[in-house]
Amino acid sequence: MAGKVPLFSIEASNRGIDLAGAFNRVANSNWFILGNEVTSFEREFAEYIGVDNCVSLANGTDSLELALRALDITPGDSVALVANAGFYGSTAVNAIGARALYVDVDAASLNMSPAALRELLSCENPRAIVVTHLYGQLAAIEEIVAIAAQAGIRVVEDCAQAHGAMRGGRIAGSFGAIGCFSFYPTKNLGALGDGGAAVCSDQVIAQKLKMLRQYGWNTKYSVELSGGRNSRMDEVQAAILREKLPHLNDWNSQRRAVARRYNAAFNDLPVTTASSVDADYVAHLYVIRVRDRDSFRACLGEQHIATEVHYPIPDHWQAVYTDRSVSPREHLPVTERSAAEIVTLPCFPGMTEAQVDRVIESVYAYFERESAQ
Ligand SMILES: *Cc1c(COP(=O)(O)O)cnc(C)c1O
């Protein structure tokens, strides 16, 4: 029996990166917060995304919350978002005390459905829309931004799974008013701990984000904005991310190559595969839909193939909401149906051909057993 195939390998992803060099550079500088590494990373990442500003932050969830605060979302406002994206956007909306208005997703991409958004806007007035590029697949962001612009609503992109996904020469994070990123270690661009960023081209918004990440300070010890906190990225993480950023496109290609092999191999099987394996998908997670997900997972588990479910409980069904009224539209048929069928297969940079072969063989073995029954 061959070895285990993990869902992700930090070791394979960080191989060949001079982590110690980056760390020593910071240690020897004796400057650990908001110094040259942070400033340089912010410039380099903004350039990569194709926007004017990047404000580095402590994590991705803060980036969503502070983005909404920078757009002046306050308690009592409502925010439109999907319910199948791990509660991250919901955490940000709830932290502000705003109301989440959940929008159903498109059956093929599992990203926000523009049609469902239009329907919501016919009877509700959200002040912002959070669009998650789920699994690394760019949403129908151009159409959503157009719908939002017509209604005078700002769009925040959650790019925490979509670093580098692009369509028409534009990269995730450059379509909406603000693009939010996480650099959690397993993300397509990951630090050696927590990290996040918000990118935008608007100077005023960038200035607000900088104030919000540091207590609401206008200048030192002078607090001007409410909703501030300490949400700084430290120099070590920025230095590590600077080492890794030049490799992002290559890692994304490696992930996409794995996804392409899976999509081609599973073509004849009764599964729903990734809706795109082009540049608009950076394969953060390779997710298929299977009718009997539990027996599928058990079968792959026996073959020592790791699987996971991203995410098992739709946001509007989370226990935290049980005694609160969430939204007038709590029935999200596509979100609910897909939550019972989605399953994530191993897909990561550095994954070997042999590992991909083993996953494919195990998936075939499951369906052969199924059809024999
Ligand atoms: C990981 C993730 C986040 C949160 O990032 P943290 O850095 O863990 O706070 C937000 N949104 C999505 C879609 C994510 O995958």
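Residues numbered from 1 in each chain as written. Predicted model: local features only at pLDDT ≥ 70, side-chain atom pairs only at ≥ 80, totals over all residues. Heavy atoms only, no water.

**Student:** Even after reading the chapter, I still don't get the overall build of the protein, so can you show me in this structure?
**Tutor:** Along its length, the protein carries 13 helices and 13 strands. Overall, the protein is about 70 × 55 × 40 Å in size when its C-alpha atoms are taken along their principal axes. A burial count over the protein gives 57% of its 373 residues as buried. At a minimum sequence separation of 6, the contacts of the protein that also span at least 24 residues come to 70%. Put simply, the protein shows about 15,500 Å² of open surface, and 49% of that area lies on carbon and sulfur atoms. The distance from the centre of the 33 positive side-chain charges to the centre of the 43 negative ones in the protein is 3 Å. (Helix = DSSP H or I, 4+ residues; strand = E, 2+ residues; numbered from the N terminus. Buried < 20%, exposed > 50% of the residue type's maximum accessible area, 1.4 Å probe, protein only. Contact = heavy atoms within 4.5 Å. Areas by Shrake-Rupley, 256 points an atom, 1.4 Å probe, with all protein chains shown as cover. Lys, Arg positive; Asp, Glu negative; His and termini not counted. Charge placed at Lys NZ, Arg CZ, Asp CG, Glu CD.)

**Student:** Can you help me understand the sheet that holds strand β4 (residues 128-132) in this one?
**Tutor:** Taken in spatial order, the seven strands line up as β1-β9-β8-β5-β4-β2-β3 in an open sheet, and their pairing is mixed. The sheet terminates laterally at β1 (53-57) and β3 (99-103), the two strands that pair on one side only. The average undirected angle you get between the axes of adjacent strands in this sheet is 20°. By the bridge criterion, five bridges tie β1 to strand β9 (residues 196-200) in an arrangement that is antiparallel. Counterpart to S56 in the pairing with β9 is A197. Against the sheet, helix α3 (residues 36-49) touches β1, β8 (178-182) and β9, its axis set at about 130° to β1. Sitting on the sheet, helix α7 (residues 141-151) touches β4 and β5 (154-158), and the angle it makes with β5 is about 155°. (Pairing = 2+ DSSP bridges. Axes fitted to C-alpha atoms, helices over the stretch in contact; angles between N-to-C directions.)

**Student:** I would appreciate a short explanation of the domain arrangement of the protein in the present structure.
**Tutor:** When the parts of a complex come together, some accessible area is lost, and that lost area is often taken as the interface size. Each assigned domain of the protein is listed with its residue range as follows: domain 1 (10-246) and domain 2 (248-372). Here the C-alpha centre of domain 2 lies 24 Å away from the C-alpha centre of domain 1. On the domain 2 side, the residues contacting the 48 residues of domain 1 number 38 residues. Interface area for domain 1 against domain 2, summed over the two sides, is near 3,500 Å², with a carbon-plus-sulfur share of 52%. Ranking the residues of domain 1 by area buried against domain 2 places Y102, Y135 and N188 at the top, with a combined share of 21%. Linking domain 1 with domain 2 are one salt bridge, by the criterion used here. Between R167 and D280 there is a salt bridge, with its nearest N and O atoms 3.6 Å apart. At the boundary of domain 1 with domain 2, the tally comes to 25 residue pairs in polar contact (both at pLDDT 80 or more). Where the side of domain 1 that touches domain 2 is concerned, the elements lending two or more residues are α1 (10-14), α5 (88-96), β3, α6 (114-121) and β6 (166-167). (Domains from an automatic or database assignment. Buried area = accessible area lost by both parts, 1.4 Å probe. Salt bridge = Lys/Arg side-chain N within 4 Å of Asp/Glu carboxyl O. Polar contact = N/O pair within 3.5 Å; in protein donor to acceptor, adjacent residues only side chain to side chain.)

**Student:** Honestly, the site of the ligand in this entry has me stumped. Any pointers?
**Tutor:** In the vicinity of the ligand, the contacting residues are N59, G60, T61, Y88, T132, D158, A160, Q161, S182 and K187. Between the ligand and the protein, one listed contact pairs a nitrogen atom with a side-chain N or O atom of D158 at 2.7 Å. Looking at the shell around the ligand residue by residue, the class counts come to two nonpolar, six polar and two charged. (Near = heavy atom within 4 Å. Nonpolar A, V, L, I, M, F, W, Y, C, P; charged D, E, K, R; others polar.)

**Student:** Would you explain α6 in this entry?
**Tutor:** One turn of the α-helix equals 3.6 residues, which is why residues spaced by three or four share an orientation. Those residues of α6 that fall on the buried side of the exposure criterion are P114, A116, L117, L120 and L121. Along the long axis of α6, the arc covered by the buried residues comes to 160°, so they all point the same way. Considering only its buried residues, α6 is in contact with β2 (78-82), β3, β4 and α7. (Arc of directions from axis to C-beta.)

**Student:** I'm lost on the nonpolar core in this one. Help?
**Tutor:** For soluble globular proteins, the rule of thumb is that nonpolar side chains tend to be buried together. Core analysis: the biggest nonpolar cluster contains 56 residues, and F45, L117, I129 and F183 have the highest contact counts within it. Of all the secondary structure elements, the ones that give two or more residues to this core are α3, β2, β3, α6, β4, α7, β9 and α9 (235-244). If one sorts the elements of this core by residue count, α3 sits on top with six residues. Shared between two domains, this core takes at least three residues from each, and those domains are domain 1 (10-246) and domain 2 (248-372). (Core = buried A, V, L, I, M, F, W, Y, C linked by side-chain atoms within 4.5 Å.)

**Student:** What should I look at first to understand the packing of aromatic side chains in this one?
**Tutor:** The way to describe two aromatic rings as a pair is by their centre distance and the angle between their planes. Per the counting criterion, the structure on display carries 16 aromatic pairs. Ring geometry for F45 versus F183: centroids 5.4 Å apart, planes at 85°, classification edge-to-face. In this pair, F45 sits in helix α3 while F183 sits in the loop between β8 and β9, placing the two residues 138 residues apart along the sequence. Residue F45 shares its accessibility class with F183, and that shared class is buried. Where Y262 meets F266, the ring centres are 5.5 Å apart and the plane angle is 10°; that geometry is what we call stacked. For Y262, a relative accessible area of 0% translates into the label buried. Given a relative accessible area of 1%, F266 falls into the buried group. Connected via pairs of aromatic rings, a cluster forms that spans F41, F45, Y48, F181 and F183. The ring centre of Y88 lies 5.6 Å from the NZ or CZ of K187, which sits over that ring. (Phe/Tyr/Trp six-rings, centres within 6.5 Å; stacked < 30°, edge-to-face > 60°. Lys NZ or Arg CZ within 6 Å of the ring centre and 35° of its normal.)

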